[in-house]
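# Residue-level structure breakdown
Chain by chain, the residues:
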Amino acid sequence: MDEPSETPDTQQTDRPLLAVLRGERRDPPPVWLMRQAGRYLPEYRALRAEKGGFLDLVHDSEAAAEVTLQPIHRFGFDGAILFSDILVIPHALGQDLRFVAGEGPRLSPPLVDSALDALEPVPERLDPVYRTVALVAEALPPETTFLGFAGSPWTVATYMVAGQGSRDQAETRRMAYGDPQAFGAIIDAIANSTIEYLGKQIEAGVDAVQLFDSWSGSLSPAQFEQWVIAPNAKIVAELRDRYPDTPIIGFPKGAGEKLPAYARETMVDALGIDETINPEWAADALPDTLPVQGNLDPLALIAGGDRLDHAMDRILRAFAGRPHVFNLGHGILPDTPIAHVEHLLARLRGG
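Just so it is clear, the model here is predicted, and its values are computed rather than measured. (Residues numbered from 1 in each chain as written. Predicted model: local features only at pLDDT ≥ 70, side-chain atom pairs only at ≥ 80, totals over all residues. Heavy atoms only, no water.)

## Points about the packing of aromatic side chains
Counted only if it meets this: Two rings from Phe, Tyr or Trp (for Trp, the six-membered ring) form a pair when their centres sit within 6.5 Å of each other. Planes less than 30 degrees apart are called stacked, planes more than 60 degrees apart edge-to-face, and all others tilted. We call a charge positioned over a ring when the NZ of a Lys or the CZ of an Arg lies within 6 Å of the ring centre and within 35 degrees of the ring normal.
A complete count under the given rule lists 11 aromatic pairs for this structure. By the ring-pair criterion, three or more aromatic residues cluster together here, those being Tyr44, Phe54, Phe83 and Phe99. When the ring centre of Phe224 is taken as origin, the NZ or CZ atom of Lys258, which lies over that ring, is 5.2 Å away.

The structure is reproduced here in structure tokens:
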């Protein structure tokens, strides 16, 4: 008697990005770009103009799902990154959040002069994000890996304390030194909320998650251990216990020579590296089996031409033979020519 054939429901679709995050080497490496759903795309700008402010777009699940899918429809990236913002966590913890045109986010009350326990958490503010995840998961091509994300506790805390972004995170660093107990309570609240937030993203349909620590480079080594490595290790351990099959990418921007310690002590499944890191150094300093992600300079993508090609070649040579996800070293910039993205993909995939 013939063996029954597999039905579409039982067939395993190959997902190159997910395979690499689990430790495989793929040639060519899978590719996605941080902030790939955003202002460099005319279709995004049109939808943003129609829907109003940035936060309105994030809270409109149908629109946020469309934004998440736009770069997949246009470019066929191997990964789709959820369209949201890292500041939805402080919003859910009870701070008011607004985005000021030309100036960025504002959170009130800032915790530099207000107590954490004075905030009234509003966890339902995260419900639109989970609806977005479910919509995208239903619509994505089966070969595309769906990435959820959250800000890491240190970076989120810098906004919560100061009430806005800053160049050197001075107010938050002062608080961390001056009142480590109060600051530790803020970090713990963010970490606990992030565990639940990412867990619900996973349950709603993402395949992997990334922790963004955009301001980790502003800390001394001892402070980095306390406020970056320790809370991220807590998040990773709890998520791995609950969702052992979901890879976790850590991206501590600006960590520099502290990257090996971050990878070793947080035990992330993959490590994002920023554009300031020498890829040859990273290849030597990090374990051979650790998947790495990055690290093209976003300005090289804007420059295009030979400068882009040379930068790509250096990264591909450095990470040849190890699990590698091709990506930028930080977010794609709004004035990036779409033709340069098309060139990157064609060259990477041998087109």
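## Observations regarding the side chain of Ser84
Threshold: Under the scheme used here, helices are H or I runs from DSSP no shorter than 4 residues and strands are E runs no shorter than 2 residues, and both carry numbers assigned from the N terminus. Each residue's exposure class comes from its accessible area (1.4 Å probe, protein chains only) as a fraction of the maximum for that residue type: buried when under 20%, exposed when over 50%, partly exposed otherwise. Should any heavy atoms of two residues lie within 4.5 Å, those residues are counted as being in contact.
Tracing the sequence through the fold places Ser84 in the loop between strand S1 (79-81) and helix H5 (88-93). Exposure remark for Ser84: the relative accessible area of 9% places this residue in the buried category. Once residues within four sequence positions are removed from consideration, Ser84 is found in contact with Phe54, Val58, Val129, Phe149 and Tyr197.

## Here we look at the nonpolar core
Rule in force here: What we call a nonpolar core is a set of buried Ala, Val, Leu, Ile, Met, Phe, Trp, Tyr and Cys residues that are connected through their side-chain atoms within 4.5 Å.
With 114 residues, the main nonpolar core has Phe77, Phe183, Leu296 and Leu344 as its most contacted residues. Ranked by residues supplied to this core, first place goes to helix H9 (residues 180-204) with nine residues. In this view, Leu296 contacts Glu275, Leu301, Leu308, Ala311, Met312, Ile315, Phe326, Asn327, Leu328, Gly329 and Leu344; residues no more than four positions away in its chain are not counted.

## Brief notes about the packing of helix H7 (residues 153-162) against H9
Formally: To obtain each axis, a line is fitted to C-alpha atoms, and for helices this fit is confined to the stretch in contact; angles are then taken between N-to-C directions over 0 to 180 degrees. By the definition adopted for this analysis, an angle is roughly parallel if under 35 degrees, roughly antiparallel if over 145, roughly perpendicular if from 65 to 115, and oblique otherwise. Working rule for handedness: look at the near helix, and if it is turned counterclockwise from the far one by less than a right angle, call the crossing left-handed; if clockwise, right-handed. Throughout, the ten residues Ala, Val, Leu, Ile, Met, Phe, Trp, Tyr, Cys and Pro are labelled nonpolar, Asp, Glu, Lys and Arg are labelled charged, and all others, Gly among them, are labelled polar.
The N-to-C vectors of H7 and H9 enclose an angle of 120 degrees; their axes lie 9 Å apart at closest approach. On the basis of their axis angle, the class for H7 and H9 is oblique. With respect to the hand of their crossing, H7 and H9 are arranged in right-handed fashion. Between H7, through Pro153, Trp154, Val156, Ala157, Met160 and Val161, and H9, the contact on the second element is made entirely by Phe183, Ile186, Ile187, Ile190 and Ala191. Looking at the contact of H7 with H9 residue by residue, the classes come out as 11 nonpolar, no polar and no charged.

## Describing the pairing of strand S8 (residues 292-296)
Quick note on the threshold: When DSSP finds at least two bridges between two strands, those strands are taken to pair. The definition of a right-handed crossover adopted here requires that, viewed with the strands pointing away, the path from the first strand over the helix to the second runs clockwise.
By the criterion of burial, S8 is predominantly enclosed, with five of the five residues buried. Bridge analysis of strand S7 (residues 270-272) against S8 gives two bridges, and the strand direction is parallel. Counterpart to Leu271 in the pairing with S8 is Val292. Crossover connection from S7 via helix H12 (residues 279-285) to parallel S8: handedness right-handed. Inspection of the sheet shows S8 paired to strand S9 (residues 324-328) by five bridges, in the parallel sense. Within S9, the position partnered with Gln293 by the bridge is Val325.

## Some remarks on the pairing of S9
Within S9, five of the five residues are buried, which leaves the element mostly enclosed by the surrounding structure. Side-chain alternation along S9 places His324, Phe326 and Leu328 on one buried face and Val325 and Asn327 on a second face that is also buried.

## Concerning the sheet that holds S7
The strand order across the open sheet formed by seven strands is S1-S4-S5-S6-S7-S8-S9, and the pairing between neighbours is parallel. For this open sheet the edge positions go to S1 and S9, each flanked by a neighbour on one side alone. The average angle at which neighbouring strand axes cross in this sheet is 25 degrees, direction not considered.

## Topic: the pattern of salt bridges
Note the cut-off: Within this document, salt bridges are pairs made up of a side-chain nitrogen of Lys or Arg and a carboxyl oxygen of Asp or Glu, the two lying within 4 Å of each other.
Under the counting rule described, the total for this entry stands at 16 salt bridges. Between Arg242 and Glu196 there is a salt bridge; the shortest N-O distance is 3.0 Å. With Arg242 in helix H10 (residues 221-242) and Glu196 in helix H9, this residue pair connects regions lying 46 residues apart in the sequence. Under the relative-accessibility criterion, Arg242 is labelled partly exposed at 35%. On the basis of relative accessible area, Glu196 is assigned to the partly exposed category, the value being 38%. Salt bridges sharing partners connect three or more residues here, namely Asp14, Glu24 and Arg26.

## Some words on the environment of Arg35
Within the element layout of this structure, Arg35 appears in the loop between helix H1 (16-21) and helix H2 (42-51). Setting aside anything within four residues of it in sequence, one finds Arg35 in contact with Tyr40, His330, Gly331 and Ile332.

## So, the environment of Asp245
Inspection of the secondary structure assignment puts Asp245 in the loop between H10 and strand S6 (248-252). When the C-alpha atoms of Asp245 and Val206 are compared, they prove to be 11 Å apart, with 39 residues separating the residues in sequence.

## So, unusual backbone geometry
Geometrically, the link from Ser108 to Pro109 is a cis peptide bond, its omega value of -5 degrees lying close to zero. Note that Pro109 resides in the loop between strand S3 (104-108) and helix H6 (127-139). Put simply, Gly294 and Asn295 share a cis peptide bond, and its omega is -10 degrees. Of note, Asn295 is situated in strand S8. Notably, Arg35 is not glycine yet its phi reads approximately 60 degrees, a positive angle.

## Brief notes about the packing of H7 against helix H8 (residues 170-178)
At a closest axis distance of 8 Å, the pairing of H7 and H8 adopts a crossing angle of 100 degrees. With respect to their mutual orientation, H7 and H8 come out roughly perpendicular. Seen from H7, the contacting residues are Trp154, Ala157, Thr158, Val161 and Ala162; seen from H8, they are Glu171, Thr172, Arg173 and Met175.

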